[in-house]
Amino acid sequence: MFEFNFPIYTVGLLITRQCNLRCKYCYIPEKSEKKMIQKFDFLIIGSGIAGMSFALKVAHKGKVALICKTELEEANTYFAQGGVASVTNTLVDNFEKHIEDTMIAGDWLSDRAAVEKVVKEAPSQIKELISWGVDFDKNEKGEFDLHREGGHSEFRILHHKDNTGAEIQDSLIRAVKQHPNITIFEKHFAIEILTQHHLGVTVTRQTPDIECYGAYVLDLKTGKVDTFLSKVTLMATGGVGAIYQTTTNPLVATGDGIAMVYRAKGTVKDMEFIQFHPTALYHPGDRPSFLITEAMRGYGAVLRTLDGEEFMQKYDPRLSLAPRDIVARAIDNEMKNRGDDHVYLDVTHKDPEETKKHFPNIYEKCLGLGIDITRDYIPVAPAAHYLCGGIKVDLDARSSINRLYAVGECACTGLHGGNRLASNSLIEAVVYADAAAKHSLKVIDNFSYQENIPEWNDEGTQSPEEMVLITQSVKEVGQIMSTYVGIVRSDLRLKRAWDRFDILYEETESLFKRSKASKEICELRNMINTGYLVMRQAMDRKESRGLHYTIDYPHTDNTPQMK
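These notes cover the structure that comes with them. Predicted model only: the values in this text are computed from it and were never measured. (Residues numbered from 1 in each chain as written. Predicted model: local features only at pLDDT ≥ 70, side-chain atom pairs only at ≥ 80, totals over all residues. Heavy atoms only, no water.)

In total, this model carries twelve aromatic pairs according to the counting rule given. Consider the rings of Tyr216 and Trp456, whose centres lie 5.2 Å apart with planes at 70 degrees: the pair is edge-to-face. With Tyr216 in strand S8 (residues 214-219) and Trp456 in the loop between helix H11 (425-443) and helix H12 (468-484), this residue pair connects regions lying 240 residues apart in the sequence. Judged on exposure class, the residue Tyr216 and its partner Trp456 are both buried. Measuring from centroid to centroid gives 6.5 Å for Phe311 and Tyr315, while their planes differ by 90 degrees, and the two rings are edge-to-face. By the burial criterion, Phe311 is buried, and Tyr315 matches it. An aromatic cluster is built from Phe40, Phe185 and Phe228, whose rings are joined through pairwise contacts. (Phe/Tyr/Trp six-rings, centres within 6.5 Å; stacked < 30°, edge-to-face > 60°. Helix = DSSP H or I, 4+ residues; strand = E, 2+ residues; numbered from the N terminus. Buried < 20%, exposed > 50% of the residue type's maximum accessible area, 1.4 Å probe, protein only.)

Dropping the structure here:
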């Protein structure tokens with residue numbers, strides 16, 4: 001596995017330039033309006049299952065700030081349809097099977113210690129989710145109604161109809177709102193984490209004891225950037241799907257936490273492993289794309305070309321239940337070979353009432369577009385869905401920066417390796433949130449607030465006169481990533497993307513220096529930083545492995561040639 005901890009060979013990257021963080025060591029301080037300083041024992045940046053479950057586990061110890069750049073409901077968790085993987089039916093399933101399935105899906109790049117941790121601790125975390133009000137579906141016998149998804153050897157997916165993420169998110173929202181020690185800051189956007197750099201200390205990637213003291217946080221309602229000081233900070237900002245033109249992620253998934261940690265000289269790894277969900281609903285103009293859960297293929301849906309022919313038999317003996325990377329590449333290859341914009345998912349052979357019962361939201365969504373899934377094929381195409389890499393953490397969820405933990409999709413625990421096994425992500429989030437909570441509770445009394453952090457300096461800046469400069473660059477990022485850094489890659493495509501990003505970087509940094517902080521300009525910076533990380537680590541992996549497939553280093557097996 002590759003860690004992004006090496007020199008950069010082009011001049012167009014943030015890390016080769018002077019720092020652009022607005023503190024007194026980067027800019028000459030001038031008279032500015034007094035900003036607010038907030039102090040919390042725990043600062044949580046992100047409000048999905050990872051951030052909220054951590055909040056609930058530590059709130060008894062002290063004051064907790066939960067930062068959310070939109071509303072609590074707008075998180076990747078909320079849009080997760082399939083479910084949560086856990087061994088619960090021990091009559092047919094066991095930990096070793098789940099471990100083996102995860103290792104196989106990850107192309108044997110997964111950290112076995114991380115895999116064993118998540119798999120073995122999953123059942124206890126399921127019980128805790130239930131104690132917080134999560135209602136998983138059960139059958140007529142009162143047992144969990146388990147689904148099976150691609151790559152799983154047994155039925156082990158707990159779910160709530162086809163909106164499991166929403167059920168979990170809603171339950172956690174109710175719980176955090178009721179806790180007196182948790183303060184929720186909606187419409188607040190973390191811009192940078194605070195380290196020794198902000199005290200005038202030179203920090204490099206070789207600095208052994210970088211510490212996090214909190215974050216600069218933009219209040220989107222007032223436009224002010226306040227200082228949030230903390231004893232412990234948790235990064236739980238989710239994934240990077242919005243850097244792609246077509247994604248199932250909410251458009252807030254702009255890689256903020258990963259970019260912030262990397263700019264602070266933290267270690268980031270495995271960014272080349274971007275999972276494309278094979279079956280996003282094909283409806284041009286929709287962004288994000290509506291997800292057709294993998295559980296539908298587990299239920300029996302079959303992939304077909306536009307002329308109705310099955311095709312997965314050409315790619316994998318597991319057919320439509322092959323792991324996502326194989327299915328996504330197969331669909332991509334069929335579309336390219338045939339010149340089609342999508343393929344079909346066929347569930348018309350299943351009992352109509354059962355289909356409606358299991359997938360009510362998908363049924364209603366498609367029906368609203370004139371597609372009755374009990375009678376009509378569903379048009380689908382791959383879309384950027386999940387990041388397997390991110391901020392490197394250990395088994396306690398500790399990043400390479402002291403006092404900073406990372407959990408959820410923004411973290412790289414080692415569980416997923418080269419490819420995520422379906423429905424492993426939600427359980428990973430709660431298991432590692434639990435690990436971060438246990439470790440931070442042991443050490444928090446050793447930490448104090450860093451009082452000498454300077455205020456954010458925005459003197460001499462102004463609001464962007466032409467927002468089109470930002471919105472157009474965002475579109476270009478998506479087009480470049482989808483065209484050149486997508487499901488199938490090559491050295492030439494990656495180099496072209498790198499060169500295009502170099503120009504975008506120059507333009508964006510120039511604009512950032514003279515602009516007041518805004519969600520739009522900060523997200524664009526983070527998207528560009530994150531895109532670079534994906535490209536750089538993809539360029540360094542000289543093999544096709546897991547989700548990273550390159551025509552310059554193809555697999556040596558007998559799978560059909562990709563283009």
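Glancing now at the environment of Asp499. Mapped onto the secondary structure, Asp499 falls in helix H13 (residues 491-514). Note: C-alpha distance between Asp499 and Lys138 (361 residues apart in sequence) is 53 Å.

Okay, the layout of surface pockets next. Its boundaries defined by the atoms lining it, the largest pocket holds a volume of some 890 Å³. Lining of the largest pocket is provided by 33 residues; of these, Gln245, Thr246, Pro382, Ala383 and Ser482 occupy positions nearest its centre. Counting only elements with at least two residues in the lining of the largest pocket, the list comes to strand S11 (274-281), helix H8 (324-338), strand S14 (378-387) and H12. When its residues are assigned to classes, the lining of the largest pocket shows 14 nonpolar, eleven polar and eight charged. (1 Å grid on protein atoms, 1.4 Å probe; cavity = no way out; pocket = protein on both sides within 12 Å on 5 of 7 lines; lining within 4 Å. Points joined across faces, edges and corners; volume = space filled by probe spheres on them. Nonpolar A, V, L, I, M, F, W, Y, C, P; charged D, E, K, R; others polar.)

What follows concerns the pattern of salt bridges. Scanning all chains against the criterion turns up 39 salt bridges. For Arg112, the salt bridge goes to Glu116, with nearest N and O atoms at 3.2 Å. Here Arg112 and its partner Glu116 are both found in helix H4 (residues 112-131), four residues apart, which amounts to about one turn of the helix. The class for Arg112 is partly exposed, based on a relative accessible area of 33%. In this structure Glu116 comes out as partly exposed when scored by relative accessible area, which is 27%. Asp316 is paired through a salt bridge with Arg318; the nearest N and O atoms lie 2.9 Å apart. Residue class for Asp316 comes out buried when judged on its relative accessible area of 8%. The class for Arg318 is partly exposed, based on a relative accessible area of 38%. Among the charged side chains, a salt-bridge network with shared partners connects Asp107, Glu272, Arg541, Glu543 and Arg545. (Salt bridge = Lys/Arg side-chain N within 4 Å of Asp/Glu carboxyl O.)

Just geometry here; none of it tells us what the structure is for.
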